[in-house]
Every structure is written in C-alpha cells, then in structure tokens.
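Listed here are the chains, written in short residue letters.
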Amino acid sequence: VQLQASGGGLVQAGGSLRLSCAASGRMFRSYMTGWFRQGPGKEREFVSGISFDGGSMSYSDSVKGRFTISRDNAKNMVYLQMNSLKSEDTAVYYCAARSTSSQAVLTARRHYNFWGQGTQVTVSS
C-alpha cells in the first residue's frame, strides 16, 4: 500500500488543521493506520492510531482531548483532526500502516511497515 499525507500548514496557536492520509490499494480496509510526528531535533513519536475497521483508537497523552482520528474505508482515507493546536505540536506528521486483523492499535514505529511522506505542521505562538 502507498500512503500520501496532506493538509499541513501554518496555523496560529489555538487554531485547527485536518490532516489527510490517502492510501492506494483496495485492501486498505485491513490496515491499522497511525499518525506519527517528528519535531525539530526530536525522535519520531506516536500521535494517534486507528484499527483497520475504526473500532479502536489510541492517542498519545500529549494530544488526547485535542486530536481526533477517523477513517473512511470506502474512500481509502484516514484523517487527523487537530484542534487547540500548540507550538509544541509543530512537527512533520507522517501516516503509517500495517496489515492486521487485530483490533489492537500499536504505538511503536517498528510495528508499521508502510510509511507516507510527511506533511509539515507549524504552529505559531
């Protein structure tokens, strides 16, 4: 499967953005999908993930309550709605996927074997 992330940009603190991850391949509905980010000088970290059928979701503590992940398998799309953005959310955001039939949403990078290119999110304070 090939992934393409989009929707990044420059936004003021407190603002919102919606990231999109478009996937190729008709079997995308069997892929767990996650969003990761890498800030300047930082390691790439898990942000949010969603099970193949949308039945399970997971968020990092730093974004819980502010970000919402969703998916539309009919359109091969996964979204990340980001509200109440903070300067510390500034990073390159990546979507990633792994084929699995489990409802468990995995948070470690090593569990994802397909990655898209990143989209830059910059939050100005």
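See the structure shown above.
Residues numbered from 1 in each chain as written. Predicted model: local features only at pLDDT ≥ 70, side-chain atom pairs only at ≥ 80, totals over all residues. Heavy atoms only, no water.

### With respect to the sheet that holds strand S8 (residues 77–82)
- The 4 strands lie next to each other as S1-S3-S8-S7, forming an open sheet whose pairing is antiparallel. This sheet does not close on itself; its edge strands, each paired only once, are strand S1 (3–6) and strand S7 (67–72). Taking the axes of each pair of neighbouring strands and ignoring which way they run, one obtains an average angle of 15 degrees across the sheet.
- Judged from the 6 bridges that link them, strand S3 (residues 17–23) and S8 form a sheet pairing that is antiparallel. Along S8, the bridge assignment pairs Ser 20 with Tyr 79. (Pairing = 2+ DSSP bridges. Helix = DSSP H or I, 4+ residues; strand = E, 2+ residues; numbered from the N terminus. Axes fitted to C-alpha atoms, helices over the stretch in contact; angles between N-to-C directions.)

### Quick word on the packing of aromatic side chains
- In the structure shown here, the tally under the stated rule is 6 aromatic pairs.
- Ring geometry for Phe 36 against Phe 46: centres 5.6 Å apart, planes inclined by 80 degrees, an arrangement best described as edge-to-face. Taken as a pair, Phe 36 in strand S4 (residues 31–38) and Phe 46 in strand S5 (residues 45–50) lie far apart in primary sequence, 10 residues in all.
- Judged by relative accessible area, Phe 36 falls into the buried class, the value being 0%.
- Sitting over the ring of Tyr 79, Arg 18 keeps its end group 4.2 Å from the ring centre.
- Above the ring of Phe 28, the side-chain terminus of Arg 71 is found at 4.8 Å from the ring centroid. (Phe/Tyr/Trp six-rings, centres within 6.5 Å; stacked < 30°, edge-to-face > 60°. Buried < 20%, exposed > 50% of the residue type's maximum accessible area, 1.4 Å probe, protein only. Lys NZ or Arg CZ within 6 Å of the ring centre and 35° of its normal.)

### With respect to the side chain of Thr 119
- Checked against the element boundaries, Thr 119 lands in strand S11 (residues 119–124).
- Within polar-contact distance, the side chain of Thr 119 engages the backbone nitrogen of Gly 8 at 3.0 Å. (Polar contact = N/O pair within 3.5 Å; in protein donor to acceptor, adjacent residues only side chain to side chain.)

### Let's talk about the pattern of salt bridges
- Summed over the entire model, instances satisfying the criterion amount to 4 salt bridges.
- A salt bridge links Asp 61 to Lys 64, with the shortest nitrogen-to-oxygen separation between them at 3.3 Å. Side by side, Asp 61 and Lys 64 carry an identical accessibility label, which is exposed.
- When the shortest N-O distance is used, the salt bridge between Arg 66 and Asp 89 registers 2.7 Å. Here Asp 89 lies in the loop between S8 and strand S9 (91–99) and Arg 66 lies in the loop between strand S6 (57–59) and S7, a separation of 23 residues in the sequence. The pair Arg 66 / Asp 89 is uniform in exposure class, with both members buried.
- Shared partners join several salt bridges into a network, and the residues in it are Arg 37, Glu 45, Arg 66 and Asp 89. (Salt bridge = Lys/Arg side-chain N within 4 Å of Asp/Glu carboxyl O.)

The values are spatial; any link to function lies outside them.
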